[in-house]
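A look at the structure
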Amino acid sequence: VIVEQYLFELKNDSLEVFKQLLTKNRDIIHGAFALDESGKRVLFRNTHECVNLDLNELEATLNSLSLLLSEYSEQLIAFSKK
């Protein structure tokens, strides 16, 4: 199961933004920032195996996204304007 949430679109390629997103990935407990195939849309993404998927794992993904947005929202908004 792939859980994805679109966050924002990059206006320009920015090494600074890419570097900060990758650095922040290290702090995210479940999931990570990713780019779509166009390289412009920034997503939150987490994957789960279907075989033993339980509600706690999905809840952990949603909680991780919620925490990420509450802690990092100002930076994400700033990135979306660059």
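Quick note: structure is the one above.
Let us look at the structure shown here. (Residues numbered from 1 in each chain as written. Predicted model: local features only at pLDDT ≥ 70, side-chain atom pairs only at ≥ 80, totals over all residues. Heavy atoms only, no water.)

1. Thoughts on the environment of Asp-36
We apply this condition: Runs of H or I in DSSP of at least four residues are treated as helices and runs of E of at least two as strands, each being numbered from the N terminus. Whether two residues are in contact is decided by their heavy atoms: any pair within 4.5 Å suffices.
One can find Asp-36 in the loop between strand S2 (32-35) and strand S3 (41-47). With residues near it in sequence (within four places) discarded, Asp-36 still touches Arg-41 and Leu-43.

2. Brief notes about the packing of aromatic side chains
Definition in use: Note on ring pairs: Phe, Tyr and Trp rings are taken, using the six-membered ring of Trp, and paired if centres are within 6.5 Å. Classes follow the plane angle, with under 30 degrees stacked, over 60 edge-to-face and the rest tilted. Relative accessibility thresholds used throughout: buried, under 20% of the residue-type maximum; exposed, over 50%; partly exposed, between the two (1.4 Å probe, protein chains only).
Tallied over the entire structure, the rule returns three aromatic pairs. A centroid spacing of 6.5 Å and a plane angle of 45° characterise the contact between Phe-8 and Phe-79, whose relative ring orientation is tilted. Placement of the pair is Phe-8 in strand S1 (residues 2-9) and Phe-79 in helix H2 (residues 55-81), with a sequence separation of 71 residues. Assessed through its relative accessible area of 3%, Phe-79 is described here as buried. Residues Tyr-72 and Phe-79 carry aromatic rings whose centres are separated by 6.2 Å and whose planes lie at 70° to one another, so their mutual orientation is edge-to-face.

3. Overview of the pattern of salt bridges
A side chain of one charge can pair with a side chain of the opposite charge when the charged atoms of the two come close. Applicable threshold: Whenever Lys or Arg places a side-chain nitrogen within 4 Å of a carboxyl oxygen from Asp or Glu, that contact is recorded as a salt bridge.
Applying the stated criterion across every chain, the model contains four salt bridges. For Arg-41, the salt bridge identified is with Asp-36, shortest N-O distance 3.9 Å. Given the relative accessible area of 34%, Arg-41 is considered partly exposed.

4. A few points about helix H1 (residues 15-25)
Operational definition: For this quantity, the arc is that covered by the directions from the helix axis to the C-beta atoms.
Listed as buried for H1 are Val-17, Leu-21, Lys-24 and Asn-25. Angular distribution of buried residues about the axis of H1 spans 110°; they occupy a single face of the element. Exposed residues pointing more than 90 degrees away from the buried face of H1 are listed as Leu-15, Lys-19, Leu-22 and Thr-23. Those residues of H1 hidden inside the fold are in contact with S2, S3 and H2.

5. Comments concerning the pairing of S3
Threshold: Two strands make a pair as long as DSSP finds a minimum of two bridges between them.
Two elements, S1 and S3, share seven bridges in a ladder whose sense is antiparallel. Counted as the bridge partner of Val-3 is Asn-46 from S3. With four bridges joining them, S2 and S3 adopt antiparallel strand pairing. Residue pairing across strands places Leu-35 opposite Val-42, the latter belonging to S3. Taking the residues between adjacent antiparallel strands as the criterion, S2 and S3 are bridged by five residues, where Gly-39 takes a positive phi near 80°.

6. Let's talk about the environment of Asn-12
Residue position: Asn-12 is located in the loop between S1 and H1. Taking the C-alpha atoms as reference points, Asn-12 and Ala-78, 66 residues apart in sequence, are found 13 Å from one another. In this structure Asn-12 touches Lys-40 and Lys-82, once residues within four positions along its chain are discounted.

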